[in-house]
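# A look at the structure
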Amino acid sequence: MIILVNLLGLALIALIVWWFWMAKSFTRHSAANVVAAEHDLVAIDVENGVYTPDTIHVKKGKTITLRFTRKDPNPCAEMVLLPDFNTSAELPLNKPYDMKLTPEKEGEFEFTCQMGMYRGQLVVE
Ligand SMILES: [Cu+2]
């Protein structure tokens, strides 16, 4: 019984540490993490609570492939949702997943994991 309580305590601590660590990367859109899609394909790493790059500039009306590579085994990173494009995908672990999009209107469109911890944006111009 005591072992069980200790284990619960440890799990709780791990959860709290994880939560704060995730929260820190919550709104991190640093300038270094911005990319302009000069080619038809942009590779995005999904790791450590951030999409890299997390801000992708694309041209309106031009079809682009987002190549997501999930390196985070956490189930949190599993899904990527693009509500503005009515699209979502389940990302395999350590295997590139290609998502094709043709943005038809200008603006900033978020993409996130299902819990909104991973955050990125497509800037259509
Ligand atoms: Cu998540």
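Everything numeric in this text was worked out from a predicted model, so none of it was measured.

According to the stated counting rule, one finds 4 salt bridges in the structure shown. One salt bridge in this structure joins Lys-71 and Asp-45, with 3.1 Å as the shortest N-O distance. Note that Lys-71 is positioned in the loop between β5 (64-70) and β6 (79-82) and Asp-45 in strand β2 (residues 41-47), a separation of 26 residues in sequence. Taking relative accessible area as the criterion, Lys-71 reaches 34% and is therefore assigned partly exposed. Judged by relative accessible area, which is 27%, Asp-45 ranks as partly exposed. With its nearest N and O atoms 2.7 Å apart, the salt bridge here joins Asp-98 to Arg-67. In this pair, Asp-98 sits in strand β8 (residues 97-101) while Arg-67 sits in strand β5, placing the two residues 31 residues apart along the sequence.

Turning to the pairing of β6, a few remarks are in order. Residues of β6 alternate between two faces, with Val-80 and Leu-82 buried on one and Met-79 and Leu-81 left unburied on the opposite face. Where β6 meets strand β7 (residues 87-90), 4 bridges bridge the pair, whose relative direction is antiparallel. Residue pairing in the sheet places Leu-81 in a bridge with Ser-88 of β7. Between β6 and the antiparallel strand that follows it, β7, lie 4 residues; Asn-86 among them carries a positive phi value of about 50°.

Around the copper ion, the donor atoms from the protein are Cys-76 (O), Cys-76 (SG) and Cys-113 (SG), and they sit 2.0 to 2.7 Å away. Of the two residues, Cys-76 is situated in the loop between β5 and β6 and Cys-113 in the loop between β9 (107-112) and β10 (119-124); the sequence distance between them amounts to 37 residues. Both residues of the pair, Cys-76 and Cys-113, count as buried.

Quick look at the environment of His-57 now. Within the secondary structure, His-57 sits in strand β4 (residues 55-58). Judged by its relative accessible area of 23%, His-57 falls in the partly exposed class. C-alpha of His-57 to C-alpha of Ala-37: the two residues are 20 residues apart in sequence and 5.8 Å apart in space. Apart from the residues within four sequence positions on either side, His-57 is in contact with Val-34, Val-35, Ala-36, Ala-37, Val-123 and Glu-125. Here Glu-125 takes part through its side chain, which lies 3.0 Å from a polar atom of the side chain of His-57.

For the rest of this paragraph, the subject is the nonpolar core. Of all hydrophobic cores here, the largest spans 26 residues; its most connected members are Tyr-51, Leu-66, Phe-68, Val-80, Leu-82, Phe-111 and Leu-122. Where this core is concerned, the elements lending two or more residues are β2, β4, β5, β6, β8, β9 and β10.

Another aspect to go through is the side chain of Arg-70. Within the secondary structure layout, Arg-70 lies in strand β5. Lacking a salt bridge, the buried Arg-70 has Glu-78 as its closest oppositely charged neighbour, with an N-O distance of 4.1 Å. With sequence-adjacent residues up to four places away left out, Arg-70 is seen in contact with Val-46, Ala-77, Glu-78, Leu-91, Pro-92, Leu-93 and Asn-94.

A large share of β10 lies buried, amounting to 5 of its 6 residues. The sheet contact formed by β4 and β10 spans 4 bridges and is parallel. Counted as the bridge partner of Thr-55 is Gln-121 from β10. Two successive antiparallel strands, β9 and β10, enclose a turn made up of 6 residues, where Gly-116 displays a positive phi of approximately 75°.

Conventions and cut-offs
Residues numbered from 1 in each chain as written. Predicted model: local features only at pLDDT ≥ 70, side-chain atom pairs only at ≥ 80, totals over all residues. Heavy atoms only, no water. Salt bridge = Lys/Arg side-chain N within 4 Å of Asp/Glu carboxyl O. Helix = DSSP H or I, 4+ residues; strand = E, 2+ residues; numbered from the N terminus. Buried < 20%, exposed > 50% of the residue type's maximum accessible area, 1.4 Å probe, protein only. Pairing = 2+ DSSP bridges. Donors = N, O, S within 2.8 Å, 3.2 Å for Na, K, Ca; no water. Contact = heavy atoms within 4.5 Å. Polar contact = N/O pair within 3.5 Å; in protein donor to acceptor, adjacent residues only side chain to side chain. Core = buried A, V, L, I, M, F, W, Y, C linked by side-chain atoms within 4.5 Å. Lys, Arg positive; Asp, Glu negative; His and termini not counted.

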